[in-house]
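Coordinate analysis (summary)
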Amino acid sequence: MSDAYNQLLDATIQHLQGLKARGVRFVSVEQENLSALTRTPRPPAQIPAASVTPPPVPKPVERPVVQAAPLFSTPTEIPIATGPVLTGEAKVAAFAELRTRAMVCVKCPHLAASRKNVVFGVGNIDAELMFVGEAPGADEDAQGEPFVGKAGQLLTKIIQTMGLQRDQVYIANILKCRPDTPGQSAGNRKPTPEEMQTCIPYLHEQIDLIRPKVLVALGGTAMEGLLGKTGITKLRGQWHTYRNIPLMPTYHPSYLLHNQLLSEKRRVWEDMLGAMEKLGMPINEKQRNFFLKG
Ligand code: URA
């Protein structure tokens, strides 16, 4: 093989390993390139072409452009972040580059067509605490910021009750675009597994760059997207691990808006107390006793 060919091959392998280390599990390859990859490379330039019998060109293999597969079928498949820990200007630049890519994403053409804004994420990229929700709703789509509607206002209250401000944490969603609801003038829908699988690499990259000390998964879809685990009622309140980062699942704030039971509010609050303890945050008596019956 020629040097140029080997260099290209090495660069491609390095690039793919980098993506894999950042949690990217699938890459889109155009049919034309896939077909080219199945062909034997041309002989090195120094061998006279006339003395070489051209190798038979294999028939292009029909393969799907993107493989469909479950997000993660077993916890062992969850990629561990192995890339360098970026800080300072390098981190800001990497985050800006990621944001730029996400802002023009058209991988889900139906969502790219229906969205008003890509809702990338908001907050401090050096945050120790990161919240992950499901997907933007109508308010978030309109404003381009996650958790700004009614559920978002409740999340902001929870964050403040923990003694923090929104700009001290980072907030993102599994999906960066609002799931479309064709023919409906209102309402939201859960992201499909395909939409989640397509979009989640952006979240993986966000988490890899931020490297929070604690993750909070807001609701079942966030848990499904991050760990492939279902059943938020059983999952919440217990520590899980996402790529070496402690992850606390809790109910989605919109669940609390629909279920006003004190016991449910207390459950979410206990999950937040757990996150505060894990972060070594001070917890006062008032905070400890929120939502406990008199
Ligand atoms: N619900 C979510 O999961 N995310 C948002 O950004 C808003 C509502």
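Analysis parameters
Residues numbered from 1 in each chain as written. Predicted model: local features only at pLDDT ≥ 70, side-chain atom pairs only at ≥ 80, totals over all residues. Heavy atoms only, no water. Buried < 20%, exposed > 50% of the residue type's maximum accessible area, 1.4 Å probe, protein only. Helix = DSSP H or I, 4+ residues; strand = E, 2+ residues; numbered from the N terminus. Pairing = 2+ DSSP bridges. Near = heavy atom within 4 Å. Polar contact = N/O pair within 3.5 Å; in protein donor to acceptor, adjacent residues only side chain to side chain. Areas by Shrake-Rupley, 256 points an atom, 1.4 Å probe, with all protein chains shown as cover. Nonpolar A, V, L, I, M, F, W, Y, C, P; charged D, E, K, R; others polar. Axes fitted to C-alpha atoms, helices over the stretch in contact; angles between N-to-C directions. Parallel < 35°, antiparallel > 145°, perpendicular 65-115°, else oblique. Contact = heavy atoms within 4.5 Å. Core = buried A, V, L, I, M, F, W, Y, C linked by side-chain atoms within 4.5 Å.

Describing the pairing of strand E2 (residues 129-133)
- With 5 of its 5 residues buried, E2 lies for the most part within the structure.
- Side chains of E2 alternate between two faces, with Leu129, Phe131 and Gly133 and Met130 and Val132 buried alike.
- Pairing analysis gives 4 bridges linking E2 to strand E4 (residues 214-218), with the strands arranged parallel. For phenylalanine 131, the partnering residue across the bridge sits in E4 and is valine 216.
- Across 4 bridges, the pairing between E2 and strand E3 (residues 170-173) is parallel. Each bridged residue has a counterpart across the sheet, and for methionine 130 the counterpart in E3 is tyrosine 170.

Digging into the site of the ligand
- Neighbouring the ligand are Gly133, Glu134, Ala135, Glu140, Pro146, Phe147, Asn173 and His252.
- Within the contact set of the ligand, an oxygen atom lies 2.7 Å away from a backbone nitrogen or oxygen of glutamate 134.
- A distance of 2.9 Å separates an oxygen atom of the ligand from a polar atom in the backbone of phenylalanine 147.
- Look at the ligand: alone it shows 240 Å² of surface, and the protein chains cover 91% of it.
- Each residue belonging to the shell around the ligand can be placed in one class, and the counts come to 3 nonpolar, 3 polar and 2 charged.

Regarding the packing of helix H3 (residues 88-103) against helix H7 (residues 193-210)
- Contact geometry of H3 with H7 gives a least axis separation of 10 Å together with a crossing angle of 170°. Classified by the interaxial angle, the pair formed by H3 and H7 is roughly antiparallel. For the pair H3 and H7, the contacting residues are Lys91, Ala94, Phe95, Leu98, Arg101 and Ala102 in the first and Tyr202, Glu205, Gln206, Leu209 and Ile210 in the second.
- A per-class count over the contact of H3 with H7 returns 7 nonpolar, 1 polar and 3 charged.

A few points about the nonpolar core
- Leu129, Met130, Phe131, Met162, Tyr170, Leu203 and Leu226 are the most contacted members of the largest nonpolar core, which has 62 residues in total.
- When residues of this core are assigned to their parent elements, the largest contribution, 8 residues, is made by H7.

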